[in-house]
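# Architecture and fold: a report
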Amino acid sequence: MRETIHQILEEARGAIGEVKSAADLEALRVQLQGKKGSLTALLRGMGRLPAEERPAFGALINSARETIAEMIELRGMALRKAERVLRLEAERLDVTEPRPQPALGAAHPISMVLGDMVDIFVGLGFEVVEGPEVELDTYSFELLNLPKNHPARDAQDTFYIEDNIVLRPHTSPVQARTMLSRKPPIRVICPGRCFRADEADATHSPNFHQIEGLLIDKNITMADLKGTLDAFARGLYGEGIATRFRPSFFPFTEPSAEVDMTCVACRGKGCRVCKGTGWIEVLGCGMVNPKVFELCGVDASVYTGFAFGIGLERTAMMKYGINDMRALYEGDLRFLTQFR
Ligand code: DAH
C-alpha cells in the first residue's frame, strides 16, 4: 500500500512539473484531487481493510493529499511568476523609439523681413518705438502738416472711426508722438500695421505694414539720409544694390524724395519685375519739414532731421520673389511655410 501511495505521489510530481500554464495546472488539480483521482479511489477501498489498519492508512493518504496540494501550490506560484515576467516583457515601452514629429510652424514672410530690417536699423543705432493702430487725426495728419481740408488727406483714403479718430493710414503719426515726447537727438524706427480703404489686389491691401524712420540731430543733411538708406539696401539685399532718389512731395518733408532700389530680381539688368527699368520704387522720404518741427516742439533753428516710410509688403515681396500681395494674407500654409 505504501508502495502504491509512493507511486501516486511520484506520478503527480512528474505531471505537475511538466504543466506549462496555470490553466493546465488547474485541470490537473481537478484530476488529482477530484472524485476520480487515484487517492480518492484508494480512500474508497479502505472499507476492505481490517479496522485496525484503517487509521494509519487514512493518515497516510491525507498526508499524501497535502503533499500534492503543496506541490500544486508551489508550481502555481512559479507559473504565475513566469507568466507575469512574460507579460511585462511584452508590455515594455521603448522610450528611445522615434515618434512622429509635430508639424513645425514657420515665421510669416512679413515677420521675417521685419526682423531683418529691425536688425539693420538697430545696427545703425536706431531704436524701435511703437504707436497705436487706432490713432487720433491730430497725430495722423494735423501735426504732420496735413491740416483739415488739405488735398493730400484725400489721397490717403482713411478709415474713420469718429471725426477725430482713424485707423492710422501710415506709421508717420509715431514720428509726431516721438518728437513730442523726446528731446533730440532722436533716432527711431516705428514698425507697425496700417490701414487704407483700398481694394485688395496684387499690389494693394486694406491692411498693410510700414516702417517709419526718424532721425533728428544737429547738422543732419540729405547725405545722411542717402547714406542710411544705401546701408539699409545693402544690408537687406547684399552688395551691388543701390538707391536712386527722385524728387517728390510729402507735406511732412521738404525736400521730399521717392526712392528706388536696384531691382533685386535682375540686379539692375532690367526684367519683368522692374518693367525693364532695373529699378523698383521702395519708399518715400525727405528732410523733416520745419513746419512739422514747429508743430511738434522741435527747434528748427538748431536741429535738422530726415524721415522715411517703407512698405513691408513690397519689401517682403521683393526679397522672396512673391508677385501677388494677397498670398501674404490668404493663410495658405503650403505657401507660408516655404520661406522657412
Ligand atoms: N507716410 C508716407 C506714406 O504712407 C510715407 C512717408 C513718406 C513717410 C515720406 C515719411 C516720409 O516719413 O518722410 O505714403
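Criteria and cut-off values
Residues numbered from 1 in each chain as written. Predicted model: local features only at pLDDT ≥ 70, side-chain atom pairs only at ≥ 80, totals over all residues. Heavy atoms only, no water. Core = buried A, V, L, I, M, F, W, Y, C linked by side-chain atoms within 4.5 Å. Buried < 20%, exposed > 50% of the residue type's maximum accessible area, 1.4 Å probe, protein only. Helix = DSSP H or I, 4+ residues; strand = E, 2+ residues; numbered from the N terminus. Contact = heavy atoms within 4.5 Å. Domains from an automatic or database assignment. Expected span 1.5 Å × (residues − 1). Arc of directions from axis to C-beta. Phe/Tyr/Trp six-rings, centres within 6.5 Å; stacked < 30°, edge-to-face > 60°. Near = heavy atom within 4 Å. Polar contact = N/O pair within 3.5 Å; in protein donor to acceptor, adjacent residues only side chain to side chain. Areas by Shrake-Rupley, 256 points an atom, 1.4 Å probe, with all protein chains shown as cover. Nonpolar A, V, L, I, M, F, W, Y, C, P; charged D, E, K, R; others polar. Disulfide = S-S within 2.5 Å. Pairing = 2+ DSSP bridges.

Counting residues in hydrophobic clusters, the biggest one holds 45 residues, and the most contacted among them are Met-117, Phe-232, Leu-283, Cys-285, Phe-306 and Phe-308. At the level of secondary structure, the elements contributing two or more residues to this core comprise α5 (109–123), β6 (207–217), α9 (222–237), β8 (253–262), β9 (279–288), β10 (304–311), α11 (312–320) and α12 (333–336). A per-element tally of this core places α5 first, with seven residues. Sequence-distant contacts of Cys-285, that is, excluding residues within four places in its chain, are made with Leu-225, Leu-229, Phe-245, Phe-250, Thr-253, Pro-255, Ser-256, Ala-257, Val-259, Ala-307 and Phe-308. In this structure, Met-179, Cys-190, Ile-216 and Phe-252 belong to the second largest nonpolar core, which totals 24 residues.

Along the chain, Pro-184 connects to Pro-185 via a cis peptide bond; the corresponding omega equals 5°. Cis geometry marks the peptide bond from Glu-254 to Pro-255; its omega dihedral reads -5°. Structurally, Pro-255 can be placed in strand β8. A positive phi angle, near 60°, is found at Asn-219, a position not held by glycine. Non-glycine residue Arg-267 carries a positive phi angle of around 55°.

Another point: the domain arrangement of the protein. Taken domain by domain, the protein holds domain 1 (2–90) and domain 2 (109–336). Centre-to-centre, using C-alpha coordinates, domain 1 lies 97 Å away from domain 2.

This part takes up helix α1 (residues 2–18). Helix length check: α1 (17 residues) gives 25 Å between terminal C-alpha atoms against 24 Å at 1.5 Å per residue, within 8%. Along α1, the residues that are buried comprise Ile-5, Ile-8, Leu-9, Ala-12 and Ile-16. Axial view of α1: buried residues confined to an arc of 95°, hence all on one face. Projecting away from the buried face of α1 at angles above 90 degrees are the exposed residues Glu-3, Glu-11 and Glu-18. Buried residues along α1 sit against α2 (22–33), α3 (38–44) and α4 (54–91).

Next up on the list: the packing of aromatic side chains. Enumeration according to the criterion identifies seven aromatic pairs in this entry. Considering the side-chain rings of Phe-250 and Phe-252, the 5.8 Å spacing of their centres and the 20° angle between planes classify their relative orientation as stacked. On the basis of relative accessibility, which here comes to 10%, the residue Phe-252 falls in the buried class. Here Tyr-320 and Phe-339 contribute two aromatic rings whose centre-to-centre distance is 5.2 Å and whose plane-to-plane angle is 55°, an arrangement assigned as tilted. Of the two residues, Tyr-320 sits in helix α11 while Phe-339 sits in the segment after α12, which places them 19 residues apart along the sequence. Accessibility expressed as a relative area gives 22% for Tyr-320, which makes it partly exposed. Since its relative accessible area comes to 13%, Phe-339 is described here as buried. Among the aromatic side chains, those forming a connected cluster through ring pairs are Phe-121, Phe-126, Phe-232, Phe-306 and Phe-308.

A few words on the site of the ligand. Lining the immediate surroundings of the ligand are 15 residues, of which His-170, Gln-175, Arg-196, Gln-210 and Glu-212 lie closest. Contact between the ligand and Ser-172: a nitrogen atom at 3.0 Å from a side-chain N or O atom of the residue. The separation between an oxygen atom of the ligand and a polar main-chain atom of Phe-308 is 3.4 Å. Against a free-state accessible area of 350 Å², the protein chains account for coverage of 90% of the ligand. Counting residues per element, the ones that place at least two in the shell around the ligand are β6, β9 and β10. Here the residues of the shell around the ligand sort into five nonpolar, eight polar and two charged.

To continue, consider the state of the cysteines. Summed over all chains, the structure comprises zero disulfides. Free cysteine: Cys-194, not disulfide-bonded; nearest cysteine sulfur from Cys-190 at 10 Å. There is no disulfide at Cys-285, and the cysteine sulfur nearest it, in Cys-190, is 15 Å away. Classification of Cys-285 as buried rests on a relative accessible area of 2%.

On to the pairing of β8. By the criterion of burial, β8 is predominantly enclosed, with seven of the ten residues buried. Taken together, the seven bridges between strand β7 (residues 243–250) and β8 define a ladder with antiparallel strand orientation. Among the inter-strand pairings, Thr-243 is bridged to a residue of β8, identified as Met-261. Hairpin connection between β7 and β8: a loop of two residues separates the two successive antiparallel strands. With eight bridges connecting them, β8 and β9 associate as antiparallel partners. Among the inter-strand pairings, Thr-262 is bridged to a residue of β9, identified as Trp-279.

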